[in-house]
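Residue-level structure breakdown
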Amino acid sequence: MILTSATTPALYLDALRGWQQRYTQALRAAVVDAAPQLDERLKWGHLVYFSNGPVLLIRAEPQRVLFGFWRGQRLRHIEPRLRPGGKYEMATLELREDTPLERATVVTLAQEAARLNRSAGDPTAAASSR
């Protein structure tokens with residue numbers, strides 16, 4: 001993760017540089033346009049989007065940008081490069097400077113991830129009740 005003293009999503013973006021800043025700005029813009037009902041927060045040192053629990057994250061690191069989804073394993077039909085891992089059905093797309101990603105894919109992922117939280121509830125609550 002890129003360490004920053006940012007306290008807001010806008011300051012987080014301002015602290016980034018180069019391709020990580022461009023990718024993070026593009027992802028953020030697509031997510032906000034696609035799912036304006038999501039609550040954007042700076043949490044755990046990166047951008048996290050909530051609606052009935054955590055939905056997705058955008059995290060810039062020195063060599064990559066991660067685009068992750070709490071129920072991402074259910075989204076692999078949209079983006080097969082999502083790699084499963086961790087709790088809560090997490091799956092993450094690892095982006096490097098030369099990684100292609102269509103805005104339409106980002107829009108579809110964000111919309112479907114938000115829909116999953118609307119229909120299935122908070123993924124962290126579901127996991128803790130098992």
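Our structure is the block above this text.
In this text, all values refer to a predicted model and were calculated from it rather than measured experimentally. (Residues numbered from 1 in each chain as written. Predicted model: local features only at pLDDT ≥ 70, side-chain atom pairs only at ≥ 80, totals over all residues. Heavy atoms only, no water.)

1. Some words on the nonpolar core
We apply this condition: Joining through side-chain atoms within 4.5 Å is the link that ties buried Ala, Val, Leu, Ile, Met, Phe, Trp, Tyr and Cys residues into a set, and such a set is a nonpolar core. Note on exposure labels: buried denotes an accessible area under 20% of the residue type's maximum, exposed denotes more than 50%, and partly exposed covers the range between, all computed with a 1.4 Å probe on protein chains only. Under the scheme used here, helices are H or I runs from DSSP no shorter than 4 residues and strands are E runs no shorter than 2 residues, and both carry numbers assigned from the N terminus. Residue contacts are defined here by distance: any two heavy atoms, one from each residue, within 4.5 Å place the two residues in contact.
Ranked by internal contacts, the top residues of the largest apolar core, which has 32 residues, are Val31, Leu38, Leu56, Ile58, Val65, Phe67 and Phe69. Mapped onto this core, the elements with two or more residues apiece are helix H1 (9–15), helix H2 (18–34), strand E2 (46–50), strand E3 (54–60), strand E4 (65–69), strand E6 (91–95) and helix H3 (103–120). Leave out the neighbours within four places in its chain, and phenylalanine 69 touches Val55, Leu56, Leu75, Leu82, Glu89, Met90, Ala91, Leu109, Ala110 and Ala113. Residues Phe50, Leu57, Trp70 and Met90 belong to the second largest nonpolar core, which totals six residues.

2. Quick look at unusual backbone geometry
In this structure, tyrosine 88 takes a positive phi of about 60° despite not being glycine. Structurally, tyrosine 88 can be placed in the loop between strand E5 (83–84) and E6. By relative accessible area, which is 27% here, tyrosine 88 ends up partly exposed. If you check the backbone angles, glutamate 89 has positive phi at about 60° while not being a glycine. Tracing the backbone through its elements, the reader meets glutamate 89 in the loop between E5 and E6. Since its relative accessible area comes to 23%, glutamate 89 is described here as partly exposed.

3. Some remarks on the pattern of salt bridges
For clarity, the threshold we go by: Think of a salt bridge as a Lys or Arg side-chain nitrogen and an Asp or Glu carboxyl oxygen that are within 4 Å of each other.
Tallying each qualifying case throughout the model produces 11 salt bridges. Sharing partners across several salt bridges, the network here consists of Arg59, Glu61, Arg64, Arg83, Glu94 and Arg96.

4. Remarks on H2
Applied cut-off: Each helix should span, by expectation, one fewer than its residue count multiplied by 1.5 Å.
Taking 1.5 Å of rise per residue, the 17 residues of H2 would be expected to cover 24 Å, and the 25 Å separating its terminal C-alpha atoms lies within 8% of that figure. Within H2, the full set of buried residues consists of Trp19, Gln20, Gln21, Tyr23, Thr24, Leu27, Ala30, Val31 and Ala34. Packing partners of the buried residues in H2 comprise H1, E2, E3, E4, E6 and H3.

5. Side note on the pairing of strand E1 (residues 39–43)
Where we set the bar: Strands are treated as partners if at least two bridges between them are detected by DSSP.
The pairing of E1 with E2 spans five bridges and is classified as antiparallel. Paired with arginine 41 across the two strands is valine 48, which belongs to E2.

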